[in-house]
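Single-letter residue listing:
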Amino acid sequence: MEEPVIAQKAPFGVDCEPGTYYWCACGRSKNQPFCDGSHKGTGITPVKHIVEDAKKLWFCGCKASGNKPLCDGTHKKI
């Protein structure tokens, strides 16, 4: 399995509507912070996240959060 690529050293703020989202865990997606299928062959799979109420969420950009797919501030230590 390959290591994730850091997409950015800051979270992605996204205004989310209710629904299912697939967070890019590999860092290779051109549609950050969401999956576009670029993980194929890496051994890394996207993380499913269900949003029940419309709200702004902060998705991890460094791909190292301990609270995946959401940011926990780990990027400050990278």
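We now turn to the structure provided with this report. Just so it is clear, the model here is predicted, and its values are computed rather than measured. (Residues numbered from 1 in each chain as written. Predicted model: local features only at pLDDT ≥ 70, side-chain atom pairs only at ≥ 80, totals over all residues. Heavy atoms only, no water.)

## Considerations on the overall build of the protein chain
Along the protein chain, the regular secondary structure elements total zero helices and four strands. Order of helices (α) and strands (β) in the protein chain, N terminus to C terminus: β-β-β-β. Oriented by its inertia axes, the alpha-carbon framework of the protein chain measures out at about 35 × 30 × 20 Å. Counting only residues that meet the buried cut, the protein chain has 36% of its 78 residues in that class. For the protein chain, the proportion of contacts with a sequence separation of at least 24, taken over those separated by at least 6, is 56%. Element-wise, carbon and sulfur atoms account for 49% of the exposed surface of the protein chain, whose accessible area totals about 4700 Å². With 11 positive and 8 negative side-chain charges, the protein chain shows a separation of 6 Å between the mean positions of the two kinds. (Helix = DSSP H or I, 4+ residues; strand = E, 2+ residues; numbered from the N terminus. Buried < 20%, exposed > 50% of the residue type's maximum accessible area, 1.4 Å probe, protein only. Contact = heavy atoms within 4.5 Å. Areas by Shrake-Rupley, 256 points an atom, 1.4 Å probe, with all protein chains shown as cover. Lys, Arg positive; Asp, Glu negative; His and termini not counted. Charge placed at Lys NZ, Arg CZ, Asp CG, Glu CD.)

## Some points on the nonpolar core
Formed by 15 residues in total, the largest nonpolar core has its most connected members in V14, C16 and F59. Contributing elements (two or more residues each) for this core: β1 (12-16), β2 (19-23) and β4 (55-59). At three residues, the largest contribution of residues to this core is made by β1. Aside from chain neighbours lying at most four places away, what touches C16 is Y21, V51, D53, A54, K55, L57 and F59. (Core = buried A, V, L, I, M, F, W, Y, C linked by side-chain atoms within 4.5 Å.)

## As for the environment of P4
Looking at where P4 falls in the secondary structure, it is placed in the segment before β1. Sequence-wise, P4 and T20 are 16 residues apart; in three dimensions their C-alpha atoms are separated by 22 Å. Among residues more than four places away in sequence, those in contact with P4 are A25, C26, R28, I44 and K63.

## What to know about the pattern of salt bridges
Per the stated rule, a full pass over the model turns up one salt bridge. The shortest N-O distance in the salt bridge between R28 and E2 comes to 2.8 Å. Of the two residues, R28 sits in the loop between β2 and β3 (47-51) while E2 sits in the segment before β1, which places them 26 residues apart along the sequence. With relative accessibility at 23%, the residue R28 sits in the partly exposed group. Note on E2: relative accessible area 37%, which makes it partly exposed. (Salt bridge = Lys/Arg side-chain N within 4 Å of Asp/Glu carboxyl O.)

## Considerations on unusual backbone geometry
A cis amide bond links Q32 to the next residue, P33, at an omega of 5 degrees. Look at the link from K68 to P69: it is a cis peptide, with omega at 10 degrees. Locating P69 in the fold gives a position in the segment after β4. At K63, a residue that is not glycine, the phi angle is positive and equals roughly 70 degrees. Position of K63 among the secondary structure elements: in the segment after β4.

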